[in-house]
Amino acid sequence: MSSILEVSQLKVAFGGVQALDLESFSIQKNELRVIIGPNGAGKSTFMDILCGKTQADSGEALFRGESILGLKEVDIAEMGIGRKFQKPSVFTSLTVYDNMLLACRMPKGIWHSLFFKINSEIEDKIHEVAKKVGLESEMTHLAGSLSHGQKQWLEIAIVVLQDAKLMLIDEPAAGMSDKETYRTGELILNLMQHHSIIVIEHDMHFVEQIAVDKVSVLVRGKLLTEGSFNDVRNDKGVIESYLGTGAALQLTE
Amino acid sequence: MQIKAVFKNYEYLLFLGVFLILLPIGYALDLVSVNTVSLWGRYFCFAIAAISVDILWGYTGVLCMCQAFFFCLGGYGIAMHMLLADKGTGVYGAVIPDFMVWNQVDTLPLFWEPFYSFPLALLTTLLVPLIFAMLFGYFIFRSRLKGVYFAIITQALALAMWLLFLRNETLLGGTNGLTDFKTLLGFDLTTSTTKLSLYLLSCMVLVLVYWGTKKLVNSKFGKVLVAIRDSESRVRYATYRVQNYKLAVFVLAAVIAAIGGMLYVPQTGIITPGRMEVKSSIEMIVWVALGGRGNLKGAVLGTLFVNFLYSIFTSLLPGSWLYVLGILFVVTVLYLDHGLIGLPAQIKSIISNKRTSKL
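Residues numbered from 1 in each chain as written. Chains lettered and ligands numbered in written order. Predicted model: local features only at pLDDT ≥ 70, side-chain atom pairs only at ≥ 80, totals over all residues. Heavy atoms only, no water.

Colleague: What exactly am I supposed to notice about the overall build of chain B here?
Modeller: Along the backbone of chain B there are 15 helices and four strands. The C-alpha radius of gyration of chain B comes to 22 Å, within 12% of the 21 Å expected for a compact globule of 359 residues. Expressed as lengths along the three principal axes of its C-alpha atoms, the size of chain B is roughly 80 × 55 × 45 Å. When the 359 residues of chain B are sorted by exposure, 49% land in the buried category. In chain B, once contacts between residues fewer than 6 apart in sequence are set aside, the share between residues at least 24 apart is 77%. (Helix = DSSP H or I, 4+ residues; strand = E, 2+ residues; numbered from the N terminus. Rg over C-alpha atoms; globule rule 2.2 N^0.38 Å. Buried < 20%, exposed > 50% of the residue type's maximum accessible area, 1.4 Å probe, protein only. Contact = heavy atoms within 4.5 Å.)

Right, dumping it as structure tokens:
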């Protein structure tokens, strides 16, 4: 299998603090990668660089063989990288349906938008995705009236409809109930069939549910280790970085 | 079904009934003076400008503080044409407008030339704001200036343009502006028939602009505008080139405002730099805020309502107007989430809430 994203020597510093110093990182097509790490480890910064929100100081990032560093957000999004933010970002004064319609992959120029007419192909696609994320009965409601969890799902739906080849999902389960978290996990596992996905998450139960492939651990901007969920969970270095040296010793004794 | 549709659109029928039928009939029966008719004609021009503020600020979330400047670009354009078309009828009987004679200018400046013929003047008057907005907007939106910073820079533009137009060297009449128009397309501006025609024309252009912008905001383009207001970055990540959309709506708003100005000046008979002061642009924003931003009906209603009150209060209780406007504005900001246009729905929901709480 070919890798869809290859990153090497990626560095970015904010005011003297090395936020990210990633020697090498790559994910395969249709892989679901979970990134964990303590606060300030550079997880979100990594995603910010991949989607063009933040510029890297140096390094290389190839998406399907093409460099994405230095490109604008729109260009990167057009290439097929979709981002779901930690804080749900949806169009609150539009209906759920319109939110999804705007996201659909189609020409997005001004003239096209002016003379756009809905067709059954797009209609079907929207309903299919709405069903997938469980928002079918909310289509005519304003996105602003959705619950927090539903907004998260709507944002995932937006990224899916954009037809992103690589989805960057930042803390999808934050602020969700256990039941909603579980459903989100199911949803992400389902999306894996058609998309490559990187998920950042803190909730370890949730990580356990979705970590069917590799888990990467970032600590202070560096990649600490990579491996299956169990490998990572029992890794001494990981425990140390989360709980401190003393606790790690106690646990391993 | 038909009747239902008609009732649903009763606001439109009310508007057209009052302004296209009742007011002209009132005038024909001598119940309403031609000056009152003409006054409403001018309000319609303001309403056209208010629509331009609404598509920018209400829908796209771009608070632009120089719409009055674009309004004046339209006004100055038509004023220049009228002065040139009336050449030789001024106090000095000169080929050039009177104010140039006072300023010891003997030949017509080159940039006045296109305003001789009406079609060319019309075209130039629309093209100038279009090109200006395009250049200015291109650089502003490219550097992603937004929110308060955009408001400040457009305010600075309005101030700079006001200072520029105040100068005699600009050759646009300086502080006194342009005035003493006699005819438009050969029609005598002082006759009641011309005044009534201009009123009707303004009303029809307002209806047309309303209809066009309504179509626009209901299209997918309009939804993108609202999406930009809600979450600009999300729109960008959904592969829309936000700055192009903002630029398009900025240019369109500039042209619409200029159309309002073009209709306004023949009806008032004067255009001065005072009209493009920052204050005038803010007034337009107040009309939209009072009527209900993000709602085209609200923009029109707010403009007509505020200007109507203005003419009542300034004639009955001169000096009280600013207090009235201030109170209205505070009440709107505090209690009316969706402006005047949202008031009926707000009352309805309060009543139904009370009912359910009683049950």
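Still more ground to cover, so stick around.
Colleague: What's the story with the overall build of chain A in this structure? I'm lost.
Modeller: When you go through chain A residue by residue, the secondary structure sums to 11 helices and 10 strands. In terms of overall size, chain A behaves like a compact globule, its C-alpha atoms giving a radius of gyration of 19 Å where 253 residues would be expected to give roughly 18 Å. With the C-alpha coordinates aligned to their principal axes, the bounding extent of chain A is approximately 65 × 40 × 35 Å. A burial count over chain A gives 51% of its 253 residues as buried. Within chain A, counting contacts between residues at least 6 apart in sequence, those at least 24 apart form 66% of the total. Carbon and sulfur atoms make up 50% of the accessible area of chain A, which totals about 11500 Å². Positive and negative side-chain charges in chain A, numbering 25 and 34 respectively, have mean positions lying 3 Å apart. (Areas by Shrake-Rupley, 256 points an atom, 1.4 Å probe, with all protein chains shown as cover. Lys, Arg positive; Asp, Glu negative; His and termini not counted. Charge placed at Lys NZ, Arg CZ, Asp CG, Glu CD.)

Colleague: Explanation requested: the interface of chain B and chain A in the structure shown.
Modeller: Note on interface size: it is often stated as the accessible area lost on association of the parts. With 24 residues of chain B at the contact, the number on the chain A side is 32 residues. Taken together, both faces of the contact between chain B and chain A bury some 2500 Å²; the carbon and sulfur share is 60%. Its largest share of buried area at the contact with chain A, chain B owes to Lys220, Arg234 and Tyr237 of chain B, together 34% of the area lost on that side. On inspection of chain B and its partner chain A, the count reaches five salt bridges. When the shortest N-O distance is used, the salt bridge between Arg241 of chain B and Glu78 of chain A registers 3.0 Å. Counting across the interface, chain B meets chain A through 19 residue pairs in polar contact (both at pLDDT 80 or more). Put simply, the parts of the chain that give the side of chain B that touches chain A at least two residues each are helix 9 (220-230), helix 10 (232-237) and helix 11 (242-268) of chain B. Sorting elements by how many residues they give to the side of chain B that touches chain A places helix 9 of chain B first, with eight residues. Taken together, the residues of the side of chain B that touches chain A sort by class into 11 nonpolar, five polar and eight charged. (Buried area = accessible area lost by both parts, 1.4 Å probe. Salt bridge = Lys/Arg side-chain N within 4 Å of Asp/Glu carboxyl O. Polar contact = N/O pair within 3.5 Å; in protein donor to acceptor, adjacent residues only side chain to side chain. Nonpolar A, V, L, I, M, F, W, Y, C, P; charged D, E, K, R; others polar.)

Colleague: What is the right way to look at the sheet that holds strand 4 (residues 58-63) of chain A in this model?
Modeller: Whenever strands of a sheet pair, they do so through backbone hydrogen bonds, lying parallel or antiparallel. All names here are of chain A. With antiparallel pairing, four strands are arranged side by side in an open sheet as 2-1-4-5. Strands at the two margins of the open sheet, each flanked by one partner only, are strand 2 (17-28) and strand 5 (66-67). Examined bridge by bridge, strand 4 and strand 5 share two bridges and lie antiparallel to one another. Directly across from Phe63, in strand 5, lies its bridge partner Glu66. (Pairing = 2+ DSSP bridges.)

Colleague: Looking at this structure, I do not really get the pairing of strand 1 (residues 3-14) of chain A. What am I missing?
Modeller: The side chains of a regular strand alternate, first on one face of the sheet and then on the other. Residues and elements named next belong to chain A. In this sheet, strand 2 lies alongside strand 1 in antiparallel orientation, the contact comprising 10 bridges. Looking at the pairing, Phe14 lines up with Val17 of strand 2. As consecutive antiparallel partners, strand 1 and strand 2 are separated by two residues, and within that stretch Gly15 has a phi angle of approximately 50°, a positive value. Inspection of the sheet shows strand 1 paired to strand 4 by five bridges, in the antiparallel sense. When the bridges of strand 4 are listed, Ser8 appears paired with Glu60.

Colleague: Teacher, can you tell me more about helix 14 (residues 321-335) of chain B here?
Modeller: Along an α-helix, a turn takes 3.6 residues, which lines up residues three or four apart on a common side. Residue and element names in this part refer to chain B. The first and last C-alpha atoms of helix 14 sit 21 Å apart over 15 residues, in line with the 21 Å expected at 1.5 Å per residue. What helix 14 keeps buried is the set Trp321, Val324, Leu325, Leu328 and Thr332. Mapping the buried residues of helix 14 onto a view down its axis gives an arc of 95°, with all of them on the same face. Looking at helix 14, the residues exposed on the side facing more than 90 degrees away from the buried face are Leu322, Tyr323, Ile327, Val333 and Leu334. Those residues of helix 14 hidden inside the fold are in contact with helix 12 (278-291) and helix 13 (296-316). (Expected span 1.5 Å × (residues − 1). Arc of directions from axis to C-beta.)

Colleague: Looking at this model, I keep getting lost on helix 3 (residues 96-103) of chain A. Mind explaining?
Modeller: Counting buried positions over the eight residues of helix 3 of chain A gives eight, a clear majority of the element. Within the span of helix 3 of chain A, buried status applies to Val96, Tyr97, Asp98, Asn99, Met100, Leu101, Leu102 and Ala103 of chain A. Among the structural elements, helix 5 (120-133) and helix 6 (148-161) of chain A together with helix 9 of chain B are those in contact with the buried residues of helix 3 of chain A.

None of the figures reported here should be taken as evidence of function without further support.
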